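Chain residues, written in single-letter form:
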Amino acid sequence: MKKILDYFLSSVYMIYFGLTLVIFHVIQVICFHLFGRRTHQKSVHWLNGFLLHGLWILGTRLHHEAKTELPTDRPVIFVANHQSMFDIVGMIWYMRKNYPIFVSKIELAKGIPSISYNLRKSGAALIDRKDGKQAIVEIARLGKLIEETKFSAAIFPEGTRSRTGELKQFAVGGVAILVKKAPHALVVPVAIKNTGKLNPKGIFPLNSLERLSWISLTPIEPKGKSAEELVELAKLAIQKELETA
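Everything numeric here is computed off the predicted structure, so don't read it as measured data.

1. Some details on the sheet that holds strand S1 (residues 61–66)
So, step 1. Strand order in the open sheet formed by seven strands is S1-S7-S6-S2-S5-S3-S4, with mixed pairing between adjacent strands. Two strands lie at the open edges of the sheet, namely S1 and strand S4 (125–127), each paired on one side alone. Each strand of the sheet is rotated relative to its neighbour by a mean of 20°, with strand direction disregarded.
So, step 2. As paired strands, strand S2 (residues 76–80) and strand S5 (residues 152–155) are joined by four bridges and run parallel to one another. Its bridge partner lying in S5, phenylalanine 78 is registered against alanine 154.

2. What to know about the side chain of histidine 82
So, step 1. Structurally, the position occupied by histidine 82 is in the loop between S2 and helix H3 (86–94).
So, step 2. Engagement of the side chain of histidine 82 in a polar contact is seen with the side chain of aspartate 87, the distance being 2.8 Å.

3. Things to note about the pattern of salt bridges
So, step 1. Tallied over the entire structure, the rule returns six salt bridges.
So, step 2. Residue glutamate 138 pairs with arginine 141 through a salt bridge whose shortest N-O separation is 3.0 Å. Here arginine 141 and glutamate 138 lie together in helix H5 (residues 132–149), a separation of three residues that amounts to about one turn.
So, step 3. Take glutamate 138: its relative accessible area is 17%, and that puts it in the buried class.

4. Here we look at a nonpolar patch on the surface
So, step 1. A cluster of nonpolar side chains, contributed by Tyr7, Met85, Ile203 and Phe204, occupies part of the molecular surface with about 320 Å² of accessible area.
So, step 2. As for its position among the elements, methionine 85 is in the loop between S2 and H3.

5. Let's talk about the environment of leucine 242
So, step 1. Structurally, leucine 242 is set in helix H8 (residues 227–242).
So, step 2. Residues leucine 242 and glutamate 166, 76 residues apart in the sequence, show an inter-C-alpha distance of 9.0 Å.
So, step 3. Here leucine 242 is in contact with Asn81, Leu167, Ala191, Ile192 and Lys193, once residues within four sequence places are set aside.

6. Describing the pairing of strand S6 (residues 186–193)
So, step 1. Within S6, eight of the eight residues are buried, which leaves the element mostly enclosed by the surrounding structure.
So, step 2. Residues Leu186, Val188, Val190 and Ile192 of S6 are buried on one face, and the alternating residues Val187, Pro189, Ala191 and Lys193, pointing to the opposite face, are buried as well.
So, step 3. As paired elements, S2 and S6 share five bridges and run parallel to each other. Paired with alanine 80 across the two strands is valine 190, which belongs to S6.
So, step 4. Note: S6 against strand S7 (residues 211–216), four bridges, orientation antiparallel. The partner of valine 190 across the bridge, within S7, is serine 216.

7. So, the packing of aromatic side chains
So, step 1. Scanning all chains against the criterion turns up ten aromatic pairs.
So, step 2. Summarising the aromatic geometry, the rings of tyrosine 7 and phenylalanine 204 are spaced 5.5 Å apart at their centres and angled 80° between planes, so their arrangement reads as edge-to-face. One end of the pair, tyrosine 7, is in helix H1 (residues 2–35); the other, phenylalanine 204, is in the loop between helix H7 (195–198) and S7, and 197 residues separate them in sequence.
So, step 3. Given a relative accessible area of 38%, tyrosine 7 falls into the partly exposed group.
So, step 4. Exposure remark for phenylalanine 204: the relative accessible area of 36% places this residue in the partly exposed category.
So, step 5. Geometrically, the ring pair formed by phenylalanine 32 and tyrosine 117 is edge-to-face, given 6.4 Å between the ring centres and 90° between the ring planes. Placement of phenylalanine 32 in helix H1 and of tyrosine 117 in helix H4 (residues 115–122) is noted, with a sequence separation of 85 residues between them.
So, step 6. Assessed through its relative accessible area of 24%, phenylalanine 32 is described here as partly exposed.

8. Remarks on the nonpolar core
So, step 1. Counting residues in each nonpolar core, the largest one holds 37 residues, and the members touching the most others are Ile77, Val79 and Leu142.
So, step 2. Where this core is concerned, the elements lending two or more residues are S2, strand S3 (100–105), S4, H5, S5, helix H6 (173–181), S6 and H8.
So, step 3. The biggest single contributor to this core is H5, with six residues.
So, step 4. The residues touching leucine 142, leaving out its near neighbours within four places in the chain, are Ile101, Phe102, Val103, Gly123, Ala125, Ala153 and Leu178.
So, step 5. Membership of the second largest hydrophobic core comes to 32 residues, among which are Ala80, Phe86, Val89 and Ile92.

Cut-off values and rules
- Residues numbered from 1 in each chain as written.
- Predicted model: local features only at pLDDT ≥ 70, side-chain atom pairs only at ≥ 80, totals over all residues.
- Heavy atoms only, no water.
- Pairing = 2+ DSSP bridges.
- Helix = DSSP H or I, 4+ residues; strand = E, 2+ residues; numbered from the N terminus.
- Axes fitted to C-alpha atoms, helices over the stretch in contact; angles between N-to-C directions.
- Polar contact = N/O pair within 3.5 Å; in protein donor to acceptor, adjacent residues only side chain to side chain.
- Salt bridge = Lys/Arg side-chain N within 4 Å of Asp/Glu carboxyl O.
- Buried < 20%, exposed > 50% of the residue type's maximum accessible area, 1.4 Å probe, protein only.
- Patch = residues over 30% accessible without salt bridge, like charges linked within 9 Å, V, L, I, M, F, W, Y side chains within 5 Å.
- Areas by Shrake-Rupley, 256 points an atom, 1.4 Å probe, with all protein chains shown as cover.
- Contact = heavy atoms within 4.5 Å.
- Phe/Tyr/Trp six-rings, centres within 6.5 Å; stacked < 30°, edge-to-face > 60°.
- Core = buried A, V, L, I, M, F, W, Y, C linked by side-chain atoms within 4.5 Å.

Okay, structure coming up:
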């Protein structure tokens, strides 16, 4: 019975998801060309708010908690664990005051309404995983962007999503480049819970009645710490939160 329910509700949500992407693609284009980057980013926030809260169709419960109010007068580097494509949806909506811009694989920059357009226009670091030099240049550019605009960068140091929910090894390189190019940035770990349970087998079917959480943890001041120390502190903080019932 639960499987039948999942297929039915997932079908309804997929229709909602697709229509939302198409409608907000047009909204994004208008906002970007007529009103500029900040207005465009606000349209992206609302896009992801609609995608996130549309999960109520599946009976999904959503939870967000911020351990500390984050500053908006300096850049932030969000360091999060990665379980699902929905990690990004929640982060963009819940951390919208800090205008998160993502490090993403370059393949997503084409062919997907709304999502591809945002990646191209937001300043996202679009990296080619087969070209290390290109990836470094892109992440460095993002670091400079957030230093200048006081926006934030969001990175998943695991690289790819964890299929088991257990933390994978955190790579240091991306965070190291961001910190170097955005020396005034604050590092904020984000613990994301149960998004992998929502779509364990891809986009369809989704599991109904899950409880998803995004928790921004105590910020880490980078000054006096190496990139290795920053990443390890972030990982330990995320691990501790994930182990909390």
